[in-house]
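# Geometric and topological summary
Each chain, written out:
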Amino acid sequence: MKILFLVYHGFSEVSGISKKIHYQVKGLRENGHDARLCYYGFAENGHRCRYIDDKVIKDYGTGKWAGLQQRLDYGCVYDYCIREKIELVYARCFMNANPCLIGFFKKLRKAGIHAVTEIPTYPYDHEFDDAKGFKRVGFILDKTFRRCLYHYMDALVTFSDAEYIFGQRTIRISNGVDFDSIPLHQLSIISHHLSDLHLIGVAEVHYWHGFDRLIKGLGHYYQQGGQRKVCFHIVGGIWEGDLYGTRGIQSLIDQYGLNNQVVLHGQLFGSQLDEVFNQCQFAIGSLGRHRNGITVIKTLKNREYATRGIPFIYSEQDSDFDDKPYILKAPADESPIDIQKIIDFVDRFTMQPMEIRESVKHLTWKIQMQKVVESINIT
């Protein structure tokens, strides 16, 4: 099948979302589909361009008008779909519903081209509670036009359990993993024999990751006389608003005197990331999804932790992991995380990394993306 994977932004080598999209395209190709990737970005000469598999299909030039066209002009994408006989357009939601996008998908439907849109997080409205300026205007536009936009889809792809989203039926899949890109966890000899406990949380940190709950838990643990050395390694960028303030990570570190117990590594990749993972015995998933109204979600990070073969904690509902022996569930509320429970869990834990990894073989992108294709009635 000829599939166009449509993305409304460009890519970054340091972005987990960018990597995920490339793995999804790889999964489609592994199933024998002719999958092409459409996105926009900047050429070497500074021009704004729309690309398909690194080839420019439209050069918009420079300046504000070029920026506006790049976000609203889909004529070149439509012409490409017709010319190349694309059968399915798989789009990734960017919370950008608008009349131009509606017109594009309406034309696709008239041409007999099927379409789905992936909603990465649902519901997502609460993510915009504090949005201002252009971001707030964009959200209002999306909220105004999204039901009309998704009327022209065959379905919406979701990682939640919702059967309908914005009036459209859903295809429910799990976030997937690419086994080739994630090495198996190998706890270092030093960490294996020391009594110290090292925790790792990997994320582009936002308030819904709830890492503040873990830091508060560490603070309470030591205030109550905890003797075990517990160190929390945070890997990834942290937004300014999530560093300071009442729930700010740095504010809490200072409040509880945890400068030696919480390590902010910043963004790490490749062997540097692996090195930190191999110091750690336990991983931290999302602990605050309830803050933006989400109770059920199949996060990418949970799957990446399991693929590495490291036990972890999270607070949402995730049917792929809720009953697994390498999982510790946290309550979906604002209580500090009970550090002693993590210590007791790790001290009793005996599963090997390969056993954990084997449990998620069915969650490869190859299998998950094929579920989407099989759910679209294309004759």
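Below: a short report on this structure. Nothing here was measured: the structure is a model prediction, and the numbers come from that model.

Basis of the calculations
Residues numbered from 1 in each chain as written. Predicted model: local features only at pLDDT ≥ 70, side-chain atom pairs only at ≥ 80, totals over all residues. Heavy atoms only, no water. Pairing = 2+ DSSP bridges. Helix = DSSP H or I, 4+ residues; strand = E, 2+ residues; numbered from the N terminus. Contact = heavy atoms within 4.5 Å. Axes fitted to C-alpha atoms, helices over the stretch in contact; angles between N-to-C directions. Buried < 20%, exposed > 50% of the residue type's maximum accessible area, 1.4 Å probe, protein only. Phe/Tyr/Trp six-rings, centres within 6.5 Å; stacked < 30°, edge-to-face > 60°. Lys NZ or Arg CZ within 6 Å of the ring centre and 35° of its normal.

The subject of this paragraph is the sheet that holds strand 1 (residues 2-6). Spatially, the 9 strands line up as an open sheet ordered 4-3-2-1-5-6-7-9-8, and their pairing is mixed. What marks the edges here is a single partner per strand, and that holds for strand 4 (55-61) and strand 8 (164-165). With 4 bridges joining them, strand 6 (residues 114-119) and strand 7 (residues 155-158) adopt parallel strand pairing. Across the sheet, residue Glu118 finds its bridge partner in strand 7, namely Val157. Helix 2 (residues 64-72) contacts strand 2 (34-42), strand 3 (48-52) and strand 4 of the sheet and is inclined by roughly 25° relative to strand 3.

Another aspect to go through is the environment of Cys93. Relative to the helices and strands, Cys93 is located in the loop between strand 5 (88-92) and helix 4 (99-110). Along the backbone, Cys93 and Val235 are 142 residues apart, and their C-alpha atoms lie at a distance of 26 Å. The residues touching Cys93, leaving out its near neighbours within four places in the chain, are Thr117, Glu118, Ile119, Pro120 and Tyr150.

This part covers the environment of Asn292. Residue placement: Asn292 occurs in the loop between strand 13 (282-284) and helix 11 (300-308). Judged by relative accessible area, Asn292 falls into the buried class, the value being 0%. Once the C-alpha coordinates of Asn292 and Trp208 are considered, the two residues, 84 residues apart in sequence, prove to be 6.8 Å apart. The contact partners of Asn292, leaving out residues within four places of it in the chain, are Pro123, His126, Glu127, Tyr207 and Trp208.

The geometry of an aromatic ring pair is captured by the separation of the ring centres together with the interplanar angle, meaning the angle of the planes. According to the stated counting rule, one finds 22 aromatic pairs in the structure shown. On the numbers, 5.6 Å between centres and 75° between planes, the contact of Phe312 with Phe321 is edge-to-face. Of the two residues examined, Phe312 and Phe321, each falls in the buried class. An aromatic cluster is defined as three or more aromatic residues linked by ring pairs; in this entry it consists of Tyr122, Tyr124, Phe128, Phe139, Tyr150 and Phe166. One residue, Lys107, lies across the ring of Tyr78, its end atom 4.1 Å from the ring centre. Above the plane of the ring of Phe277 lies Arg308, whose end atom (NZ or CZ) is 4.0 Å from the centre.

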